[in-house]
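Listed below are the residues making up each chain.
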Amino acid sequence: MARTTTGRRRDQVHHQPDTARAAQLIADPSRARMLKALGDGRALAAGLLAAEAGVSAATASVHLAKLVEAGLVLTESAGRCRYYRLSGPDVGIALEALAVIAPPLPVTSLRESSTAGALRRSRTCYDHLAGRLGVGLLGALLDGGLLAGHDGGHRPGEAVRDGASGYGHDVDYRLTDTGRDALTRFGVDLDRLPARRRPIRYCVDWSEQRHHLAGAVGAALTARLFELRWLRHGASPRVVHLTETGADGLAGTFGLRVVD
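This structure is a prediction, so every number in the text was calculated from the model and none was measured. (Residues numbered from 1 in each chain as written. Predicted model: local features only at pLDDT ≥ 70, side-chain atom pairs only at ≥ 80, totals over all residues. Heavy atoms only, no water.)

A.B. asks: How should unusual backbone geometry be read in this particular structure?
C.D. replies: Excluding glycine, most residues fall at negative phi; most peptide bonds, likewise, are trans. A positive phi is found at Tyr126, a non-glycine position, where the angle reads about 60 degrees. Assignment of secondary structure puts Tyr126 in the loop between strand S4 (123-125) and strand S5 (128-130). The phi angle at Gln209 is positive, at roughly 55 degrees, despite the residue not being glycine. Mapped onto the secondary structure, Gln209 falls in the loop between strand S9 (201-204) and strand S10 (211-214). The partly exposed category is assigned to Gln209, whose relative accessible area is 28%. (Helix = DSSP H or I, 4+ residues; strand = E, 2+ residues; numbered from the N terminus. Buried < 20%, exposed > 50% of the residue type's maximum accessible area, 1.4 Å probe, protein only.)

So this is what it looks like as structure tokens:
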């Protein structure tokens, strides 16, 4: 049975992390493509992951079994179909962090070039919004007085624990009273956020080198944007698109005017 993220953290209190094993698991190109496909937090069928990785169903099954055994991926059944998802946001954050040091894949087609541009424009970082749209949204929340604590910028020379990507630790953002009222009116139920997850966190966005909103509030706000159909999933993993309704809604609700 796969360990949960909580179990993995508990183990790390008593043991040194086996970074070499984690790196070896991710280093396989097929497994890396599967993890990337799962990076937006959704559960995907094994057949779809096999197609995404460009391998047979049997080969995909072997790869997925290794990821499940290591606790990076969880599996669930629905009828005769088996679905897989990342075990938690920490896995998605680790994948985001690797993007900072990873050499770029060679672009061999216009489609690949378009996908790379789309990822930088707007994507999910596990279950919250990232890319230019994500950092723009956090900036709008700060400008509107919904969030307080910082200006959203990442300054490597001043950073203490913050890296070029991944969860941030140097800044203490907080939701203001104005922010609580505004998000509640927007349809985010702040009283029903997961108790074990920090409400407000931030990530250093690897492509923008600014902060985007994470934590339970970031996830709930992103879910609400999808619910309103202000966002829609793209054809490529993790890519999301802002709809015309969404662009008008973000401008009217949060003062965020998106310039493409």
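A.B. asks: It is not clear to me how the packing of aromatic side chains should be interpreted in this structure. Could you clarify?
C.D. replies: The relation between two aromatic rings is expressed through the spacing of the ring centres and the mutual angle of the planes. Enumeration according to the criterion identifies three aromatic pairs in this entry. When the centroid spacing of 5.3 Å and the interplanar angle of 80 degrees are considered together, the rings of Tyr173 and Tyr202 count as edge-to-face. With Tyr173 in the loop between strand S7 (166-167) and strand S8 (174-175) and Tyr202 in strand S9, this pair connects stretches of sequence that are 29 residues apart. You'll find Tyr173 and Tyr202 in the same group, each marked buried. Aromatic pair Phe186 and Phe254: ring centres 5.1 Å apart, planes at 70 degrees, arrangement edge-to-face. Pair noted here: Phe186 is in helix H9 (residues 177-186) and Phe254 is in helix H11 (residues 244-254), with a separation of 68 residues, a long-range link. With respect to class, Phe186 is no different from Phe254; both count as buried. (Phe/Tyr/Trp six-rings, centres within 6.5 Å; stacked < 30°, edge-to-face > 60°.)

A.B. asks: Before we go on, may I ask you to explain the packing of helix H3 (residues 29-37) against helix H5 (residues 57-69) in this structure?
C.D. replies: Axis separation between H3 and H5 bottoms out at 10 Å; the angle between their running directions is 70 degrees. Regarding the angle of H3 to H5, the classification is roughly perpendicular. Packed against H3, whose contacting residues are Ser30, Arg31, Met34 and Leu35, the element H5 presents Ala60, His63, Leu64, Lys66 and Leu67 at the interface. (Axes fitted to C-alpha atoms, helices over the stretch in contact; angles between N-to-C directions. Parallel < 35°, antiparallel > 145°, perpendicular 65-115°, else oblique. Contact = heavy atoms within 4.5 Å.)

A.B. asks: Before we go on, may I ask you to explain the environment of Arg232 in this structure?
C.D. replies: For Arg232, the location among the structural elements is in strand S11 (residues 231-233). What makes Arg232 partly exposed here is its relative accessible area of 46%. Each C-alpha atom of the pair Arg232 and Gly246 lies 9.5 Å from the other, and the pair is 14 residues apart in sequence. Non-local contacts of Arg232, meaning those with residues more than four positions away in its chain, are made with Phe226, Val239, Val240, His241 and Thr243.

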